[in-house]
Amino acid sequence: GQSLEQPSEVTAVEGAIVQINCTYQTSGFYGLSWYQQHDGGAPTFLSYNGLDGLEETGRFSSFLSRSDSYGYLLLQELQMKDSASYFCAVARSGNTPLVFGKGTRLSVIA
Amino acid sequence: DAGITQSPRHKVTETGTPVTLRCHQTENHRYMYWYRQDPGHGLRLIHYSYGVKDTDKGEVSDGYSVSRSKTEDFLLTLESATSSQTSVYFCAISESRASQTEQYFGPGTRLTVT
């Protein structure tokens, strides 16, 4: 079987930093992706970690630890427009489609 | 933005009727996917395609069929719609096998089965 666990909801203050965690148990592991989805919109790709460590893209960073079956998405200098759902997704191999977590709804408050 | 369109964007249909949703891409990407999204379940893969006439089942394929006769079009058919198939359906594409981790999504189709 396979499972991805991420918190269902997170609330953070504008300008602050928030971390959204994702733990996984899958048969095979190739890499971890993150997607953002605003209400009423489509998911959009944010980042991918194939190797352990931190990947930075502007205000967003993503981290992976294969030994801990764990990753996180870090959002800095939070803005109101960051209020959205964030999904982690596991690639079990280079040949199989992604498996998505159930998503974390981030609310940024003033 | 990747050139992906879905049609229709909204549809209301009755239980037992057939429904076909269309996904069209202008990116010439090889891989195409159909997902459904329901509250509390995230995105679940229905079927995917890795080339013309090459398709495979995903996690929740029962009650759905797909066809891909051209690179640019991927059709999802509900042979006999049921209320449990009320959902938002997303199509996605990725360029290659190695890039399946980076998918681009269409705008979605909201389907209501009454």
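Each remark here, short or long, concerns the structure printed above.
Residues numbered from 1 in each chain as written. Chains lettered and ligands numbered in written order. Predicted model: local features only at pLDDT ≥ 70, side-chain atom pairs only at ≥ 80, totals over all residues. Heavy atoms only, no water.

Visitor: What am I meant to see in the sheet that holds strand S7 (residues 60-65) of chain A here?
Guide: Two orientations exist for strands paired in a sheet by backbone hydrogen bonds: parallel and antiparallel. Residues and elements named next belong to chain A. On the basis of which strands lie adjacent, the open sheet formed by five strands has the order S1-S3-S8-S7-S6 and antiparallel pairing. In the strand order of this sheet, the two ends are held by strand S1 (3-5) and strand S6 (53-57), each with one partner. Each neighbouring strand pair of the sheet contributes to a mean axis angle of 15°, computed without reference to strand direction. Pairing between S6 and S7: five bridges, direction antiparallel. By the bridge assignment, glutamate 55 is partnered in S7 with serine 62. (Pairing = 2+ DSSP bridges. Helix = DSSP H or I, 4+ residues; strand = E, 2+ residues; numbered from the N terminus. Axes fitted to C-alpha atoms, helices over the stretch in contact; angles between N-to-C directions.)

Visitor: It is not clear to me how the interface of chain B and chain A should be interpreted in this structure. Could you clarify?
Guide: Accessible area lost on assembly of the parts is the figure often given for the size of an interface. Every contact between the two is made by 19 residues of chain B and, on the other side, 19 residues of chain A. The contact between chain B and chain A buries some 1,600 Å² in all, and 60% of this surface belongs to carbon and sulfur atoms. Sorting the residues of chain B by area buried against chain A places Leu43(B), Thr101(B) and Phe105(B) first, and these three jointly supply 35% of that buried surface. Applying the counting rule to chain B against chain A returns zero salt bridges. Inspection of the chain B/chain A interface yields four residue pairs in polar contact (both at pLDDT 80 or more). Put simply, the parts of the chain that give the side of chain B that touches chain A at least two residues each are strand S4 (31-38) and strand S5 (42-51) of chain B. No other element matches the four residues that S5(B) contributes to the side of chain B that touches chain A. Residue composition of the side of chain B that touches chain A, by class: nine nonpolar, eight polar and two charged. (Contact = heavy atoms within 4.5 Å. Buried area = accessible area lost by both parts, 1.4 Å probe. Salt bridge = Lys/Arg side-chain N within 4 Å of Asp/Glu carboxyl O. Polar contact = N/O pair within 3.5 Å; in protein donor to acceptor, adjacent residues only side chain to side chain. Nonpolar A, V, L, I, M, F, W, Y, C, P; charged D, E, K, R; others polar.)

Visitor: How should I be thinking about the nonpolar core in this particular structure?
Guide: Soluble, globular proteins show a tendency: their nonpolar side chains are buried together. Core analysis: the biggest nonpolar cluster contains 23 residues, and Leu32(A), Trp34(A), Leu75(A), Tyr86(A) and Leu106(A) have the highest contact counts within it. Listed by contribution, the elements that provide at least two residues to this core are strand S2 (9-13), strand S3 (18-25), strand S4 (31-37), S7, strand S8 (70-75), strand S9 (84-91) and strand S11 (104-109) of chain A. When residues no more than four places from it in sequence are discounted, the contact partners of Leu32(A) are Cys22(A), Ser47(A), Tyr48(A), Asn49(A), Leu64(A), Gly71(A), Cys88(A), Ala89(A) and Val90(A). Ranked by size, the runner-up nonpolar core spans 19 residues in total, among them Val19(B), Met32(B), Trp34(B) and Phe74(B). (Core = buried A, V, L, I, M, F, W, Y, C linked by side-chain atoms within 4.5 Å. Buried < 20%, exposed > 50% of the residue type's maximum accessible area, 1.4 Å probe, protein only.)

Read these as spatial facts, not as claims about activity.
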